[in-house]
Amino acid sequence: MRMRLVLKETAVGLRRNVSLTVAVVITVAISLALVGAGVLIRYQVNEMKDFWYGKINVSVYLCGPTSAEPTCANHTVTQAERDAIRAKLEALPVVKQIYYESSAAAYQNAKKLFRNSPDLIKNIDPAALPESFRVKLTDPKRFDMVESSFAKQPGVQQVQSQSDVLKKLFKLLNGFQLGAFFFAVALVVAAALLIFNAIRIAAFSRRRETGIMRLVGASRLYVQLPFLLEGAIVGLIGALGGAAILVGIKWLFVDKALRPNISSINFIGWDWVPTMLPVLVGSAVLFSVVASFVTVQRYLRI
Amino acid sequence: MIRFESVSKVYPTSPRPALSGVTVTIDDGEFVFLVGPSGSGKSTFLRLVLREERPTSGSVIVMDTDLAQLKSRRVPAMRREMGVVFQDFRLLPDRTVAANIAFALEVIGRSRSVVQTLVPETLELVGLEGKAGRMPDELSGGEQQRVAIARAYVNRPRLLLADEPTGNLDPTTSVGIMKLLDRINRAGTTVVMASHDSQIVDSMRRRVIELDAGHVVRDQARGVYGYAP
């Protein structure tokens, strides 16, 4: 086997079909980026679940001077009501820990949270921030027990769980993930068909050479190898392009756009690069070779 | 070298068999003409020898191998023992004469030193020394056919099949091609040539197998094209 000649044949084949080669590269790149994005969204959801379920709180907001809810009866929560609420919380079996946050402490926290937006802080009236009990649960999913117990409790303005907000967010992210995978599947099909056509055209445009190879007794491997290598190279270039797109998206969206503005969410890092990317790139190359192989078996007579 | 035992070949697209009950033996070192009108089965005969086609019935034995028993992966090895020449030359237009001939060696994995020895040697044999760097379209038809013969012969096959090699050439040029094939035959290679060029067949006075509608109608040791018992 003279590898140098096989490689030369491969290069000739790639150059002969530049437009189709480019189409395959782009399609493979975008499909890989989409599959990767789907996986990254999954990682992000898991990251947030771990992070949030660890520190999830139910907030029992107490009535303030401006509260209009019927349970407030148009007055700020009294000490007696406050004690009753605390006692009732302590009696609930799902409650693990209770922190009391005064109106002033809430203002301090808000100042910390919005430290990058001084205008916003200026507009907050410290008295308007309600005092609250922050409750940690033994099982964050059983938040409804707290809510139902305190719905009609005098002095309680509102019971709010962060898991509500999270559920909505997770639903949204799951939707993105599903969408990414859906488009990825469509693009993978397109990539397969493009590879199929590219190799078919390559086989057709080289039929004179392969015909002679056949007659002079070139081995099956020798005749087919340039086409398989063509598929592998196109797949590899496309896959590397897709990996670059994926890294770029993660850097641009997560590191540049989201992370500096949202400090309360733990974003994914780069630990997936050495683990997930090689698997994705390898699969893309394997996929291209298999697609080429199938085409060659069909369209190249030996 | 070649033995056909009651070989029939029916193509699925045609109701009439291309070959029907053909039994012939061609010995090592022979020079044989296959003659007959278009559609008489000459090309099918050659394609069966090349194992491009399989017989519908009967057996084709080439170089002591029954082709029906030959595994697909052994076919390339067998074809390395054969050379083929066509009416339309089938040269690669984007490669030089030398590269066209070298191609046949390179794709079967012969080393560069073998290529560098055999290509000039073969070019000289076919009378094209000095044209190694030309492109096929710069050559005359006769010269192109010489390149094709050089490519078929460069690996020194035991059997050379030629399908109407002079079909596209004028009579004078054809004589030159026949002299070349004769020389190759005298060097020990069996030559089977399909032709309906009566002048050439008559002038060579070699064995003639005449086919008509898939049947062998004549097999004559020192024959001519027309029927002359």
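Residues numbered from 1 in each chain as written. Chains lettered and ligands numbered in written order. Predicted model: local features only at pLDDT ≥ 70, side-chain atom pairs only at ≥ 80, totals over all residues. Heavy atoms only, no water.

Draft legend 1. Region of the structure containing the overall build of chain A. Helices and strands together make up the secondary structure of chain A, namely ten helices and four strands. Secondary structure of chain A in N-to-C order comes out as α-α-β-α-β-α-α-β-α-β-α-α-α-α. On C-alpha atoms alone, chain A measures out to a radius of gyration of 31 Å, which is more than a quarter above the 19 Å that the 2.2 N^0.38 rule sets for 302 residues. Taken over the C-alpha atoms alone, chain A extends approximately 100 × 40 × 30 Å along its principal axes. Here chain A, with 302 residues, has 42% of them falling under the buried criterion. Carbon together with sulfur atoms contributes 65% to the accessible area of chain A, which is approximately 16,000 Å² in total. Within chain A, one finds 35 positive and 19 negative side-chain charges whose respective centroids are separated by 18 Å. (Helix = DSSP H or I, 4+ residues; strand = E, 2+ residues; numbered from the N terminus. Rg over C-alpha atoms; globule rule 2.2 N^0.38 Å. Buried < 20%, exposed > 50% of the residue type's maximum accessible area, 1.4 Å probe, protein only. Areas by Shrake-Rupley, 256 points an atom, 1.4 Å probe, with all protein chains shown as cover. Lys, Arg positive; Asp, Glu negative; His and termini not counted. Charge placed at Lys NZ, Arg CZ, Asp CG, Glu CD.)

Draft legend 2. Spatial organisation of the interface of chain A and chain B. On the chain B side, the residues contacting the 16 residues of chain A number 24 residues. Taken together, both faces of the contact between chain A and chain B bury some 1,900 Å²; the carbon and sulfur share is 55%. The interface formed by chain A and chain B includes three salt bridges. One salt bridge connects Arg214(A) with Glu52(B), and the closest N-O pair in it is separated by 2.8 Å. (Contact = heavy atoms within 4.5 Å. Buried area = accessible area lost by both parts, 1.4 Å probe. Salt bridge = Lys/Arg side-chain N within 4 Å of Asp/Glu carboxyl O.)

Draft legend 3. Molecular detail of the side chain of Glu209(A). Relative to the helices and strands, Glu209(A) resides in helix 8 (residues 207–216). Residue class for Glu209(A) comes out buried when judged on its relative accessible area of 4%. Beyond its immediate chain neighbours, meaning those up to four positions away, Glu209(A) contacts Arg16(A), Leu92(B), Asp94(B), Arg95(B) and Phe103(B).

Draft legend 4. Structural detail: the state of the cysteines. Residue and element names in this part refer to chain A. All chains considered together, the criterion is met by one disulfide over all chains. At a sulfur-sulfur separation of 1.8 Å, the disulfide partner of Cys63 is Cys72. The chirality of the disulfide connecting Cys63 with Cys72 is left-handed, given an S-S dihedral of about -80°. Here Cys63 falls in the buried class, since its relative accessible area comes to 1%. Residue Cys72 is classed as buried on the basis of its relative accessible area of 1%. (Disulfide = S-S within 2.5 Å.)

Draft legend 5. Spotlight on helix 1 (residues 42–49) of chain B. Residue and element names in this part refer to chain B. In terms of burial, helix 1 is largely enclosed, as six of its eight residues are buried. Restricting attention to buried positions, one finds in helix 1 the residues Lys42, Thr44, Phe45, Leu46, Leu48 and Val49. Trailing helix 1 by a residue or two, Arg51 shows a phi angle of about 60°, which is positive.

Draft legend 6. Inspection of the sheet that holds strand 3 (residues 132–137) of chain A at higher detail. Residue and element names in this part refer to chain A. Taken in spatial order, the four strands make up an open sheet running 2-3-1-4, and their pairing is antiparallel. Two strands lie at the open edges of the sheet, namely strand 2 (95–101) and strand 4 (156–161), each paired on one side alone. The sheet shows a mean angle of 20° between the axes of neighbouring strands, taken without regard to direction. Against the sheet, helix 6 (residues 143–150) engages strand 1 (57–62), strand 3 and strand 4, with an angle of about 170° to strand 4. (Pairing = 2+ DSSP bridges. Axes fitted to C-alpha atoms, helices over the stretch in contact; angles between N-to-C directions.)

Draft legend 7. Quick look at empty space enclosed by the protein. Residues and elements named next belong to chain A. Applying the stated criterion across every chain, the model contains four cavities of 30 Å³ or more. In this structure, the largest cavity occupies an estimated 90 Å³ of space. In this structure, the largest cavity is lined by 13 residues; those nearest its centre are Val24, Ala198, Ile199, Glu230 and Val234. Where the lining of the largest cavity is concerned, the elements lending two or more residues are helix 2 (18–55), helix 7 (162–205), helix 9 (220–258) and helix 10 (276–299). Per-element tally for the lining of the largest cavity: the top contributor is helix 9, with four residues. Tallied by class, the residues present in the lining of the largest cavity amount to six nonpolar, six polar and one charged. Estimates place the volume of the second largest cavity at around 60 Å³. (1 Å grid on protein atoms, 1.4 Å probe; cavity = no way out; pocket = protein on both sides within 12 Å on 5 of 7 lines; lining within 4 Å. Points joined across faces, edges and corners; volume = space filled by probe spheres on them. Nonpolar A, V, L, I, M, F, W, Y, C, P; charged D, E, K, R; others polar.)

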